[in-house]
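Descriptive structure summary
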Amino acid sequence: MAYSLDTFRDSVVAVTGATGFIGTHLVERLCGLDAEVHGIGRSETRFQHQKFHGLQLDLSDYPAVKGAIETIRPDYVFHLASHVMGSPDLIHVLPTFHANLESSVNLLTACAETGYGRGRIVLTGSLVEPPPGEIETVPSCPYAAAKWASSSYARMFHALYGLPTCIARVFMVYGPAQRDESKLVPYVLRSLLSGHAPKITSGQRMIDWVYVADVVEGFLAIAAAKEGNCESVDLGSGELIATQDLVLRIVKLMQTSEQPKFGALPDRPLEPIRTADVERSFQQTGWRPRVSLDQGMRETIAYYRGVWG
Ligand SMILES: NC(=O)c1ccc[n+]([C@@H]2O[C@H](COP(=O)([O-])OP(=O)(O)OC[C@H]3O[C@@H](n4cnc5c(N)ncnc54)[C@H](OP(=O)(O)O)[C@@H]3O)[C@@H](O)[C@H]2O)c1
């Protein structure tokens, strides 16, 4: 299936989580496609573009969400806002409930009540959700439970109220300008650039890493693919790499003698091992990942060298 990015020219697009890592890249790309972009987040965005408008609100506040949708009148909605924390700790139950599940339900309800988002409403799922057809009763963490429940709501809004929802099931993302510097890639890069050995888990977990520019193109393809039903579309590389091998690959690309300390941090329980089904994504949308791990990691290292080097 082919998709056309012309579809976004002069369209009105709402992006939640616009101040975040992936959201920032998506907003920039959409502005480059000549869309009128409204970025939503709790904090102020510093992004400057003549067709960009920033809006500060908490998506767990329903009247504020409905008011924003009525004001923006979006053709397309990309919902990326989230409390992105895969730790099993109890302290993440309420933040993931409010920022992930409640925010999704508020946004879907506002779109259903107002009739906006008729182009496509793309929710951001995660690799922590089970793939279609897999029966799994125990989510690995509060974040996984909230993401999975949000996707269920999206399917329900599609089936009951005819909302054109779709779910981008995003795998592990890396790239320039990741906002949360405690995440693996920026943490390792910062440690190595400042001459410290990064502390890592056993490094045994196998993960599908995908470059942020590929993820952004995937979001656009999902929104532009007109014939889609409310399926999840995997946005990953389709390849697994052990955390240990990824970190050693970074060390090699940076040509540093610093050696990471594996086993210095505990492994997390219940972490799922999943690979994106990129052939299925291609059938669904015409999208497939283009950037190799080495290529993407070189771009990422160059960016962080510019910031911290
Ligand atoms: N990064 C990854 O590897 C990865 C993997 C799989 C899925 N995902 C998903 O992809 C999406 C984007 O991830 P990311 O890495 O870009 O996350 P991020 O950098 O942490 O950004 C999260 C965004 O959500 C906003 N937000 C959080 N709570 C909000 C609320 N109550 N109301 C309004 N805005 C709120 C934050 O803005 P403020 O703080 O300004 O409110 C921020 O802009 C998320 O849905 C995440 O779950 C990410």
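Located above this text is the structure these notes cover.
Here the structure is a predicted model, which means the values were calculated and not measured.

Points about the site of the ligand
Residues in close proximity to the ligand total 25 residues, the closest being Thr19, Arg42, Ser43, Tyr143 and Lys147. For the ligand, an oxygen atom lies 2.4 Å from a polar atom in the side chain of serine 43. Backbone polar atom of valine 173 to an oxygen atom of the ligand: 2.9 Å apart, as the coordinates give it. Of all the elements in the fold, those that place two or more residues in the shell around the ligand are helix H1 (21–32), strand S5 (120–126), helix H4 (142–161) and strand S7 (172–174). In the shell around the ligand, the residues fall into 13 nonpolar, eight polar and four charged.

Things to note about a nonpolar patch on the surface
The grouping of Leu90, Val93, Leu94 and Phe97 at the surface amounts to a nonpolar patch, some 420 Å² of accessible area in total. Along the chain, the position of valine 93 falls in helix H3 (residues 93–114).

Section: the pattern of salt bridges
Any two side chains of opposite charge can pair if their charged atoms end up close together. Inspection of the entire model under this criterion finds twelve salt bridges. Salt-bridge contacts for glutamate 113 lead to lysine 66; the nearest nitrogen and oxygen are separated by 3.2 Å. In this pair, glutamate 113 sits in helix H3 while lysine 66 sits in helix H2 (residues 62–72), placing the two residues 47 residues apart along the sequence. Residue lysine 66 is classed as partly exposed on the basis of its relative accessible area, which comes to 25%. With its nearest N and O atoms 3.1 Å apart, the salt bridge here joins arginine 205 to glutamate 271. Taken together, the residues span a long stretch of sequence, with arginine 205 in the loop between helix H5 (184–193) and strand S8 (206–207) and glutamate 271 in the loop between helix H7 (243–254) and helix H8 (278–285) at a distance of 66 residues. Assessed through its relative accessible area of 26%, glutamate 271 is described here as partly exposed. Three or more residues are tied together by salt bridges with common partners; here these are Asp10, Asp34 and Lys51.

Describing the side chain of arginine 120
On the secondary structure map, arginine 120 appears in strand S5. Lacking a salt bridge, the buried arginine 120 has glutamate 231 as its closest oppositely charged neighbour, with an N-O distance of 8.7 Å. A polar side-chain atom of arginine 120 sits 3.2 Å from the main-chain carbonyl oxygen of isoleucine 222. There is a polar contact of 2.7 Å between the side chain of arginine 120 and the backbone oxygen of alanine 225.

As for H8
Looking only at H8, the buried set comprises Val278, Ser281, Gln284 and Thr285. Buried residues of H8, viewed axially, fall in a sector of 115°; they line one side. Buried residues along H8 sit against helix H6 (212–224) and strand S10 (232–235). Just beyond H8, the residue with positive phi is glycine 286, at close to 90°.

What to know about the packing of H7 against helix H9 (residues 293–308)
Where H7 meets H9, the axes come as close as 10 Å, and the angle between the chain directions of the two elements is 60°. As summarised for this structure, H7 and H9 are arranged oblique, according to the angle between their axes. Here H7 and H9 pass one another in a crossing that is right-handed. When H7 is examined against H9, the residues Leu246, Arg249, Ile250, Leu253 and Met254 are found in contact with a partner set consisting of Leu293, Asp294, Met297, Arg298, Ile301 and Arg305. A breakdown of the residues in the contact of H7 with H9 according to their chemical character gives seven nonpolar, no polar and four charged.

Criteria and cut-off values
Residues numbered from 1 in each chain as written. Predicted model: local features only at pLDDT ≥ 70, side-chain atom pairs only at ≥ 80, totals over all residues. Heavy atoms only, no water. Near = heavy atom within 4 Å. Polar contact = N/O pair within 3.5 Å; in protein donor to acceptor, adjacent residues only side chain to side chain. Helix = DSSP H or I, 4+ residues; strand = E, 2+ residues; numbered from the N terminus. Nonpolar A, V, L, I, M, F, W, Y, C, P; charged D, E, K, R; others polar. Patch = residues over 30% accessible without salt bridge, like charges linked within 9 Å, V, L, I, M, F, W, Y side chains within 5 Å. Areas by Shrake-Rupley, 256 points an atom, 1.4 Å probe, with all protein chains shown as cover. Salt bridge = Lys/Arg side-chain N within 4 Å of Asp/Glu carboxyl O. Buried < 20%, exposed > 50% of the residue type's maximum accessible area, 1.4 Å probe, protein only. Lys, Arg positive; Asp, Glu negative; His and termini not counted. Arc of directions from axis to C-beta. Contact = heavy atoms within 4.5 Å. Axes fitted to C-alpha atoms, helices over the stretch in contact; angles between N-to-C directions. Parallel < 35°, antiparallel > 145°, perpendicular 65-115°, else oblique. Left-handed = near helix turned anticlockwise from the far one by under 90°.

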